[in-house]
Amino acid sequence: MIKTVIFDMGGVVITLDENEAGKRFVELGMKEFAEKMDPYKQSGLNGDLEEGKLSEEEYRRQVSKKVGREVSFEELQHCWLGYMKETIRNLKKQGYRVVLLSNTNPYVSAWTDSADFSGDGHPIGDYFDAMYRSYEVKYMKPDENFFRYVMAQEKALPEECLFIDDGARNCCAASEVGLFTYCPQNGEDWCDKIYDYLK
């Protein structure tokens, strides 16, 4: 029986628009970032940021150096928020433990952790019992250690967890650890279909 529902953020909780994010990086003068944008796992400087190898300030300094001028936190946040459009629908009130497991970074988190996230004054943490973010735990999906870390922290049995992610590689890695998985498409309305997996 499923007791814990583990959500990816981008593409599931909120819709990803990588084209808009890429466009904003181009406008900032970072065309090579736009060409390397990946909805599932970033690489290069973006990957180092999301894996917690670079702090937001180190990342900002390196981007500033590449652009040839000082780039502000707000400018970088504007680029990253090109990914974000919609807010979460959750199962917490129905008695499930609801957990976030996401490859993300401090720029996106500054928005999701703010009252601006929901549109009605709620940060993302209000929707979840626990949150595990790549740059904080120093693992990135599809690394199986990320899933093992969450299982250990949650003291949860993999067979009692459902992991929802729009990335097939991430779902495959979660399955290898023993979790049940559901892989909706980016932005798909999973609200009714999820109950087929919770039965």
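Values in this document were obtained by computation on a predicted structure and should not be read as measured data.

A. Fine view of the overall build of the protein chain. Assigned secondary structure in the protein chain consists of ten helices and five strands. Expressed as a percentage of the 199 residues in the protein chain, the buried residues total 51%. Excluding contacts between residues fewer than 6 apart, the proportion of contacts in the protein chain whose partners are at least 24 apart in sequence is 67%. Summed over all atoms, the accessible surface of the protein chain reaches about 9,400 Å², with 46% contributed by carbon and sulfur.

B. Spatial organisation of the side chain of Arg133. Note that Arg133 resides in strand 3 (residues 130-133). Residue class for Arg133 comes out buried when judged on its relative accessible area of 7%. Of the polar contacts made by the side chain of Arg133, one reaches the side chain of Ser109; its length is 3.4 Å. Once residues within four sequence positions are removed from consideration, Arg133 is found in contact with Leu100, Ser102, Thr104, Ser109, Thr112, Asp113 and Phe146.

C. The nonpolar core, seen in detail. Formed by 22 residues in total, the largest nonpolar core has its most connected members in Val5, Phe7, Leu91, Ile164, Ile194 and Leu198. Broken down by secondary-structure element, the contributors of at least two residues to this core are strand 1 (4-7), strand 2 (97-102), helix 6 (106-112), strand 4 (161-164) and helix 10 (194-198). Beyond its immediate stretch of four places on either side in the chain, Leu198 contacts Ile2, Val5, Leu91, Tyr96 and Leu162. In terms of nonpolar packing, the next biggest core, distinct from the first, is built from 18 residues, Ala130, Phe163, Ala174 and Val177 among them.

D. Up close: the packing of helix 8 (residues 144-154) against helix 9 (residues 168-177). Close contact between helix 8 and helix 9 brings their axes to 9 Å; oriented N to C, the two are set at 55 degrees. It follows from the interaxial angle that helix 8 and helix 9 lie oblique. For helix 8 against helix 9, the interelement crossing comes out right-handed. Between helix 8 and helix 9, the contacting residues are Glu144, Phe147 and Arg148 on the first element and Asn170, Ala173, Ala174, Glu176 and Val177 on the second. Residues that form the contact of helix 8 with helix 9 fall into these classes: four nonpolar, one polar and three charged.

E. Here's a closer look at the sheet that holds strand 3. Here we have five strands laid out as an open sheet, ordered 3-2-1-4-5, and parallel in their pairing. Strands with a single pairing partner mark the edges of an open sheet, and in this sheet they are strand 3 and strand 5 (180-182). Recorded for the sheet is a direction-independent mean angle of 20 degrees between the axes of neighbouring strands. Seen against the sheet, helix 9 touches strand 4 and strand 5 and runs at an angle of roughly 165 degrees to strand 5.

F. Spotlight on unusual backbone geometry. The omega angle of the peptide bond from Lys141 to Pro142 is 10 degrees, so this bond is cis rather than trans. Residue placement: Pro142 occurs in the loop between helix 7 (134-137) and helix 8. The phi dihedral of Lys138 falls on the positive side, at around 70 degrees, and the residue is not glycine. Residues other than glycine seldom take positive phi values, yet Lys155 does so here, at roughly 50 degrees.

G. Representation of the pairing of strand 4 within the structure. Alternating positions in strand 4 separate into two faces, Cys161 and Phe163 on one and Leu162 and Ile164 on the other, with burial throughout. Bridging between strand 1 and strand 4 involves four bridges; their strand directions are parallel. Bridge pairing links Phe7 to Ile164 in strand 4. As a crossover connection, the stretch from strand 4 through helix 9 into strand 5 is right-handed.

H. Just the side chain of Ser102, in detail. With respect to the helices, strands and loops of the structure, Ser102 is situated in strand 2. Classification of Ser102 as buried rests on a relative accessible area of 1%.

About the thresholds
- Residues numbered from 1 in each chain as written.
- Predicted model: local features only at pLDDT ≥ 70, side-chain atom pairs only at ≥ 80, totals over all residues.
- Heavy atoms only, no water.
- Helix = DSSP H or I, 4+ residues; strand = E, 2+ residues; numbered from the N terminus.
- Buried < 20%, exposed > 50% of the residue type's maximum accessible area, 1.4 Å probe, protein only.
- Contact = heavy atoms within 4.5 Å.
- Areas by Shrake-Rupley, 256 points an atom, 1.4 Å probe, with all protein chains shown as cover.
- Polar contact = N/O pair within 3.5 Å; in protein donor to acceptor, adjacent residues only side chain to side chain.
- Core = buried A, V, L, I, M, F, W, Y, C linked by side-chain atoms within 4.5 Å.
- Axes fitted to C-alpha atoms, helices over the stretch in contact; angles between N-to-C directions.
- Parallel < 35°, antiparallel > 145°, perpendicular 65-115°, else oblique.
- Left-handed = near helix turned anticlockwise from the far one by under 90°.
- Nonpolar A, V, L, I, M, F, W, Y, C, P; charged D, E, K, R; others polar.
- Pairing = 2+ DSSP bridges.
- Right-handed = clockwise from strand over helix to strand, strands pointing away.

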